[in-house]
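Residue-level structural notes
Given next are the chains, with one letter for each unit.
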Amino acid sequence: MLCIHVSNVEKRYGSLIALNGISFDINCNEKWALLGPNGAGKSTLLKILAGLIRPDKGEVKIMDKDPSSVEIKKILGYLPEDADPFPGLSVIDNLKFVASLRNVDENKIYDLLDILDLRRYINYKASTLSRGNKQKLAIAMAILHEPNIILLDEPLNYLDIPTQETVIELLKKMNTLLVSTHILSVADKLATKVLIISNGIIRWMGDFVELKKMANGNESIEHIIARLIKGYY
Ligand SMILES: Nc1ncnc2c1ncn2[C@@H]1O[C@H](COP(=O)(O)OP(=O)(O)OP(=O)(O)O)[C@@H](O)[C@H]1O
């Protein structure tokens, strides 16, 4: 079954073309890494899939529906880059707000607080959290409703190494996942498929295993990706 359908999507910011004719499909239960250099259009693509901004051209469907529809909001999770939970609300109130919005049992909040080692900050205002703890709270808010489809923009930013491992284990339990990351080891741990974009164009998409097989001699995976980004196949 198709979870994400993107056809000929174009997005402009003024005269800048951020996405230029992007088309791909993601089947349900597939895990994809979204790779590409700074400014490639990764965050823009994720925002469109999350229904936060609209493409200027093309079609986007999540489970055959408009990404901004109420039905899709229920089954979709989205972690923006540099996510900023409600600064004036405490950790617990941020999570309770999401729980009530999403109709989630409040017990789930406490499970996630324990897994992410956030319980001791429960009454801290989000604005007073360290950057890493803010990121942990944002991750908890994105996955609290156990979404069928999760979109993640640099989820491991700011996290210490043990927490990165904890979050990777949490995210491995997700059904359908699209993660933008600059950390290849994270992409490798979370995804089996790879979508490479640069300058708003898809440069390569397919299995991670196939990508690794494209090595010339001892060429590293980083080098293969750098080559594909430049359009050298
Ligand atoms: N709101 C905006 N207004 C104008 N230009 C924008 C806006 N958002 C993004 N852009 C531009 O669109 C292009 C794609 O940006 P985007 O944030 O999608 O890239 P990215 O691949 O996520 O980059 P990074 O890896 O650095 O986070 C960039 O040239 C960026 O400057």
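Note that this is a predicted model, so its numbers are computed, not measured.

**Quick notes on the pairing of strand 8 (residues 193-198)**
With five of six residues buried, strand 8 lies mostly within the body of the structure. Judged from the four bridges that link them, strand 3 (residues 31-35) and strand 8 form a sheet pairing that is parallel. Residue Ala33 lies in a different strand from strand 8, and its bridge partner there is Val194. In terms of strand pairing, strand 8 meets strand 9 (residues 201-207) through six bridges, oriented antiparallel. Each bridged residue has a counterpart across the sheet, and for Leu195 the counterpart in strand 9 is Met205. Taking the residues that link successive antiparallel strands as the turn, the strand 8-strand 9 hairpin has two residues, and the phi of Asn199 there is positive, at about 50°.

**A closer look at the side chain of Gln135**
Inspection of the secondary structure assignment puts Gln135 in helix 5 (residues 131-143). Reaching out from Gln135, the side chain makes a polar contact with the backbone oxygen of Pro155 at a distance of 2.9 Å. Each residue touching Gln135, except ones within four places of it in the same chain, is listed here: Leu79, Ala83, Glu154, Pro155, Leu156, Asn157, Tyr158 and Leu159.

**Points about the site of the ligand**
Surrounding the ligand, one finds 13 residues, the nearest of these being Gly39, Lys42, Ser43, Thr44 and His182. At 3.0 Å from an oxygen atom of the ligand is found a side-chain nitrogen or oxygen belonging to Asn38. With respect to the ligand, the side chain of His182 contributes an N or O atom lying 2.9 Å from an oxygen atom. Here the ligand loses 62% of its free accessible area of 640 Å² to cover by the protein chains. Elements supplying a minimum of two residues to the shell around the ligand: strand 2 (16-27) and helix 1 (42-49). In terms of residue count, the dominant contributor to the shell around the ligand is helix 1 (three residues).

**Here's the deal with the environment of Ala140**
As for its position among the elements, Ala140 is in helix 5. Note on Ala140: relative accessible area 1%, which makes it buried. Through-space distance from the C-alpha of Ala140 to that of Lys108 is 9.9 Å; in sequence the pair is 32 residues apart. Those residues within four positions of Ala140 in sequence are excluded, and the remaining contacts are Leu95, Leu112 and Leu116.

**Points about the environment of Gly217**
In this fold, Gly217 is placed in the loop between helix 8 (208-213) and helix 9 (221-229). Sequence separation of Gly217 and Tyr232 is 15 residues, and the distance between their C-alpha atoms is 16 Å.

**Notes on the UniProt feature "domain: ABC transporter" (unreviewed entry) in the protein**
Cross-referencing UniProt, the feature "domain: ABC transporter" (unreviewed entry) maps to residues 4-224 in the present numbering. When the span residues 4-224 is considered, its composition is 35% helix and 27% strand, and the gap between its end C-alpha atoms is 27 Å.

**Some words on the pattern of salt bridges**
What the rule picks out here adds up to twelve salt bridges. The partner of Lys57 in a salt bridge is Glu10, with the nearest N and O atoms 3.9 Å apart. Here Lys57, found in strand 4 (residues 57-62), pairs with Glu10, found in strand 1 (residues 2-13); they are 47 residues apart in sequence, far enough to count as distant. Residue Arg54 is joined to Asp66 by a salt bridge in which the shortest nitrogen-to-oxygen separation is 3.4 Å. Of this pair, Arg54 sits in the loop between helix 1 and strand 4 while Asp66 sits in the loop between strand 4 and helix 2 (70-75); the two residues are twelve residues apart in sequence, bridging distant segments of the chain. A relative accessible area of 55% means that Arg54 is categorised as exposed. The class for Asp66 is partly exposed, based on a relative accessible area of 29%.

**What to know about the sheet that holds strand 1**
Spatially, the three strands line up as an open sheet ordered 2-1-4, and their pairing is antiparallel. The sheet is open, and its two borders are formed by strand 2 and strand 4, each paired with just one other strand. Averaged over all neighbouring strand pairs, the angle between strand axes comes to 15°, with direction disregarded. The pairing of strand 1 with strand 4 spans five bridges and is classified as antiparallel.

**Quick word on the state of the cysteines**
Scanning the model with the defined rule gives one disulfide in all. Covalently, Cys3 is tied to Cys28 through a disulfide, its sulfur atoms 2.1 Å apart. Across the S-S bond of Cys3 and Cys28 the torsion is about 105°, and the bridge reads as right-handed. Within this pair, whereas Cys3 is found in strand 1, its partner Cys28 is found in the loop between strand 2 and strand 3, the two being separated by 25 residues in sequence. As far as burial versus exposure is concerned, Cys3 and Cys28 are alike and both buried.

Calculation rules
- Residues numbered from 1 in each chain as written.
- Predicted model: local features only at pLDDT ≥ 70, side-chain atom pairs only at ≥ 80, totals over all residues.
- Heavy atoms only, no water.
- Buried < 20%, exposed > 50% of the residue type's maximum accessible area, 1.4 Å probe, protein only.
- Helix = DSSP H or I, 4+ residues; strand = E, 2+ residues; numbered from the N terminus.
- Pairing = 2+ DSSP bridges.
- Polar contact = N/O pair within 3.5 Å; in protein donor to acceptor, adjacent residues only side chain to side chain.
- Contact = heavy atoms within 4.5 Å.
- Near = heavy atom within 4 Å.
- Areas by Shrake-Rupley, 256 points an atom, 1.4 Å probe, with all protein chains shown as cover.
- UniProt positions renumbered as here; feature names shortened; annotations may be inferred.
- Salt bridge = Lys/Arg side-chain N within 4 Å of Asp/Glu carboxyl O.
- Axes fitted to C-alpha atoms, helices over the stretch in contact; angles between N-to-C directions.
- Disulfide = S-S within 2.5 Å.

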